[in-house]
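This is what each chain is made of:
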Amino acid sequence: MADFHFFNFLPLTVFLLHNEFQMEHAKKVEEVRSVLKEVGEDTLKALLMIDAVQRLGIDYHFHGEIEAVLERLYTKFNMSDCHNDLYEIALGFRLLRQEGYYVSAEGKVQGKINQDIEGLMGLYEASQLSIKGEDILEEMSNFSRQLLNAWNTNDDQSQARIVRNTLGHPHHKSLARFMAKSFLSDFQGTEGWINVFKELAKMDFNLVKSIHQKEIRQVSKTKKSGNQRWWKDLGLAKELKFARNQPLKWYMWPLAVLPHPILSKQRVELKKPISLVYIIDDIFDVHGTLDELNLFTEAVNRWEYEAVEPLLDYMKTCFGALNGITNEISSKVYKDYGWNPYILFENRYWAILCNAFMVEARWFSVGHVPKTDEYLKNGIISSGVHVVLVHMFFLLGHGLTKRNVDIVDDFPGIISSTATILRLWDDLGSAKMQDENQEGHDGSYLDCYMKENPGTSIENARCHVMHSISETWKLLNRQCLPPNPFSSCFTKACLNVARMVPLMYSYDGNQCLQNLEENMKSLV
């Protein structure tokens, strides 16, 4: 008779415990769902609940319940200009706007400003969803920020911390999953539903974390079967030793942009074009000569093996990886949704990106500093955002119609605004100077602006860039409101790219992405 050991039963034990946890999690989801359905006509309580599930990152369980509450609220907002208090008005306005409902700022919050700290925080949060021409929200943003900054020195340290978080990380411009831990610690109250929400949030965090850990093993480690990760399979590790090999950093983009647990496959696939954008950027900025880059750009534009023959070996390897990943993703999109984007990928998006990189390389080669408009027009393309978001559009498969494919192909505002925010943040200076292994040929919007405006200090130039980012957010906010041809999932993913940018391009004095690294550790 064979000897049995405790560890023989360990896999079964783990399975049973995991299964029990999932059942408890599902039970808690239904408990929260019941609370949301039974909220009744208490508008403020309903708003507080929706705000809580969104800040805790568990709202993906309750789309139907949230939509039902917001529909009722939208009707109330349109029928009457009379509301109870500043906080309720501001919170209702923000929740409706961020879910794609157009609500006018006029007549809703005007004349309601007072010294209520909670109301002022709500007002500041609401002002982040302003669009061009809404001067009233601009005034309220400045007014509330001024009062909140004064309150920040208050003796109530707990309240002061919450105020600092509101000013530094307003919900609309932050990633809920990254801020959930902070909100959880500040989420207090005597009502029973608060504890139920917190219990689900903690369970959900652990469940989602296990999914992320599984994905990381897929994208960054060798499998037990001996098959190397795709980076090595494609020869990139051997031939492109100069290029950044940062699988975890690359994975943080899809993790942040597509937070829904069900989108695991899309996150893993999206990491591949993201990594290629970084790799090709390194080829242009760090390694290639102008003549070599010209040949590579021509090869990508022609997408023919004859054009690949004159390339250096590392460029051939990169093109092979580009072609292989394009084929792979196109096949998966066709299998899942019946659309084959291969022609668009090969003939359009990668060629447009390389053409933009080539423009910058030519500028650098002759010491040309372009006008700011010329630089930014090219820079939003060389950011790689269009390439990545088009891949994401097809990988999601939502709203895959001829009309929407034509729209996304034409660099729509929701993509160009997101790209503009990334380019301007990247060009604020620290990322350009301090990004790992980046000692090559790169330009900066700041350089262009200061040459165009002689005598401008670096501080004033940076203030100009921050103002431009703020104005671009207003454009992005408008593009997320009706008429918006894209799905809610794609729209929120574009917003998440813009939200991720400050984390990805804000380096400390030690050349580290401290906030990003802290968030990475907490999520995976």
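Refer to the preceding data block for the structure.
Note that the structure is predicted; figures quoted are calculated from it, not measured. (Residues numbered from 1 in each chain as written. Predicted model: local features only at pLDDT ≥ 70, side-chain atom pairs only at ≥ 80, totals over all residues. Heavy atoms only, no water.)

Counting residues in hydrophobic clusters, the biggest one holds 97 residues, and the most contacted among them are Trp 253, Phe 296, Trp 350 and Phe 490. In terms of residue count, the dominant contributor to this core is helix H17 (residues 342-365) (eleven residues). The next biggest cluster of nonpolar side chains, apart from the first, holds 43 residues, and it includes Ile 66, Leu 70, Leu 86 and Ala 105. (Core = buried A, V, L, I, M, F, W, Y, C linked by side-chain atoms within 4.5 Å. Buried < 20%, exposed > 50% of the residue type's maximum accessible area, 1.4 Å probe, protein only. Helix = DSSP H or I, 4+ residues; strand = E, 2+ residues; numbered from the N terminus.)

Here we come to the packing of aromatic side chains. Tallied over the full model, the rule gives 16 aromatic pairs. Here Trp 253 and Tyr 505 contribute two aromatic rings whose centre-to-centre distance is 6.5 Å and whose plane-to-plane angle is 50 degrees, an arrangement assigned as tilted. Note that Trp 253 is positioned in helix H12 (residues 247-257) and Tyr 505 in the loop between helix H25 (488-504) and helix H26 (514-523), a separation of 252 residues in sequence. Across this residue pair, the class does not change: Trp 253 and Tyr 505 are buried. Ring geometry for Phe 393 and Phe 490: centres 5.6 Å apart, planes at 80 degrees, overall edge-to-face. Of the two residues, Phe 393 is situated in helix H19 (residues 385-396) and Phe 490 in helix H25; the sequence distance between them amounts to 97 residues. Overall, Phe 393 belongs to the buried group, its relative accessible area being 2%. (Phe/Tyr/Trp six-rings, centres within 6.5 Å; stacked < 30°, edge-to-face > 60°.)

According to the stated counting rule, one finds zero disulfides in the structure shown. As a non-bridged cysteine, Cys 489 has Cys 494 as the owner of its nearest cysteine sulfur, 9.9 Å distant. Given the relative accessible area of 25%, Cys 489 is considered partly exposed. (Disulfide = S-S within 2.5 Å.)

The amide bond that connects Pro 482 to the next residue, Pro 483, takes the cis arrangement and shows omega of -5 degrees. Residue position: Pro 483 is located in the loop between helix H24 (458-479) and H25. If you check the backbone angles, Trp 303 has positive phi at about 55 degrees while not being a glycine. If you trace the backbone, Trp 303 turns up in the loop between helix H14 (290-302) and helix H15 (305-308). Despite not being glycine, Phe 411 has its phi angle at roughly 55 degrees, a positive value. Of note, Phe 411 is situated in the loop between helix H20 (402-409) and helix H21 (413-426).

Any link to function would need more than the numbers given here.
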